[in-house]
Number of protein chains: 2
Amino acid sequence: MNIGDAAKRTDIPVKTIRYYEDIGLIRPLRDTNGYRVFRDTDIHKLAFLGRARALGFSIEDCRTLMELYEDETRASADVKRLAQEHLRQIEDKIMQLRSMQATLNDLVHACAGDSRPDCPILRDLASQ
Amino acid sequence: MNIGDAAKRTDIPVKTIRYYEDIGLIRPLRDTNGYRVFRDTDIHKLAFLGRARALGFSIEDCRTLMELYEDETRASADVKRLAQEHLRQIEDKIMQLRSMQATLNDLVHACAGDSRPDCPILRDLASQ
DNA sequence: GATAAGGGCTCCAGTCACTGGAAGGTCAAG
DNA sequence: CTTGACCTTCCAGTGACTGGAGCCCTTATC
């Protein structure tokens, strides 16, 4: 299978697949014409990566997860630890965003949003 | 005031302040020795930027907000529109993260986290 | 007057995870 | 034989900084 088909199959852009090869996440074979050839295992790995990325794991986490996946002697504790740490970071981020959301929401509601220059949003940003 | 004091006063790293000058967000004066000199207005602008960034506005949004702030004939509607659009993006991001959180949470709880290799997290990532 | 510490300066490179584009090779259809 | 859709590599850019090298300036102390 060529890269275009692999991209369609996994919903990962062609450019991204090439990038994943560049950084050593996948190792597709090469045809005599230089084209990448994707086997089922490569497609499987790409799909794995796609799902891990969709859960917000960093590329380095993905690399580790793939290594763990391929290591038959792994301990599930290692996977769980990684996922828990990531979950904690997501929760932190959500709290941060919720705090921004709350402030912004107040400000937006306090602002008339008309043609006059007076604006509580700017007043807040400029406050000492 | 030199850059170090400006940094302390506004809680913005020295490096970041220099970067803000680079991209034209602030225009501190220069002393004869080449050192940047920060007036009260510069400090005020930096603090404004700090608060806007803390609310998650992009640098380009910050630039626009500062222009609006300095334009006495602005319409508050323009500020509100910007803030509302940003609020929408924050809400999108929160929803995305909550969805990740939910999935990850399920997976983490399903995983024994012991020395055995069997792991629902990896099984999910590898699922067809 | 020498020196050391603690500022400041510029410029370059790296971060993360792609993404766009240029310049060119390959392949199947008409 | 040409067209168009693929594919290739390589280089540069994104956002918002951050780190480091190599240098200059100022102030205090010996």
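Residues numbered from 1 in each chain as written. Chains lettered and ligands numbered in written order. Predicted model: local features only at pLDDT ≥ 70, side-chain atom pairs only at ≥ 80, totals over all residues. Heavy atoms only, no water.

**Some remarks on the protein's contact with DNA strand D**
With respect to spatial proximity, 19 residues lie near DNA strand D, and among them G4, R18 and R36 of chain A together with K15 and Y20 of chain B are the closest. Protein-adjacent atoms of DNA strand D, using a 4 Å cutoff, are sugar or phosphate at a proportion of 68%. Between R18 of chain A and DNA strand D, the recorded distance is 2.6 Å, taken from a side-chain N or O atom to a phosphate oxygen. Between DNA strand D and the protein, one listed contact pairs a phosphate oxygen with a side-chain N or O atom of R30 of chain A at 3.2 Å. Within the residue set of the surface near DNA strand D, elements represented by two or more residues are α1 (3-10) and α2 (14-22) of chain A together with α2 (14-22) of chain B. Ranked by residues supplied to the surface near DNA strand D, first place goes to α2 of chain B with 4 residues. By residue class, the composition of the surface near DNA strand D is 7 nonpolar, 6 polar and 6 charged. (Near = heavy atom within 4 Å. Polar contact = N/O pair within 3.5 Å; in protein donor to acceptor, adjacent residues only side chain to side chain. Helix = DSSP H or I, 4+ residues; strand = E, 2+ residues; numbered from the N terminus. Nonpolar A, V, L, I, M, F, W, Y, C, P; charged D, E, K, R; others polar.)

**Things to note about the packing of aromatic side chains**
Under the criterion given, the structure shown has 4 aromatic pairs over all chains. Taking the centre distance of 6.0 Å and the plane angle of 45° together, the rings of Y19 of chain A and Y20 of chain A count as tilted. Seen from their ring centres, F48 of chain B and Y69 of chain B are 5.1 Å apart, and the 35° between their planes marks the pair as tilted. Here Y69 of chain B lies in helix α4 (residues 59-70) and F48 of chain B lies in helix α3 (residues 40-54), a separation of 21 residues in the sequence. F48 of chain B gets classed as buried once you look at its relative accessible area, which sits at 1%. (Phe/Tyr/Trp six-rings, centres within 6.5 Å; stacked < 30°, edge-to-face > 60°. Buried < 20%, exposed > 50% of the residue type's maximum accessible area, 1.4 Å probe, protein only.)

**Some thoughts on the state of the cysteines**
Evaluated as defined, the whole model comprises 0 disulfides over all chains. Of all cysteine sulfurs in the structure, the one in C119 of chain A sits closest to C62 of chain B, which takes part in no disulfide; the separation is 14 Å. Exposure remark for C62 of chain B: the relative accessible area of 0% places this residue in the buried category. In this structure C111 of chain B is not part of a disulfide, and its nearest cysteine sulfur, from C119 of chain B, lies 3.8 Å away. (Disulfide = S-S within 2.5 Å.)

These figures capture arrangement, not role.
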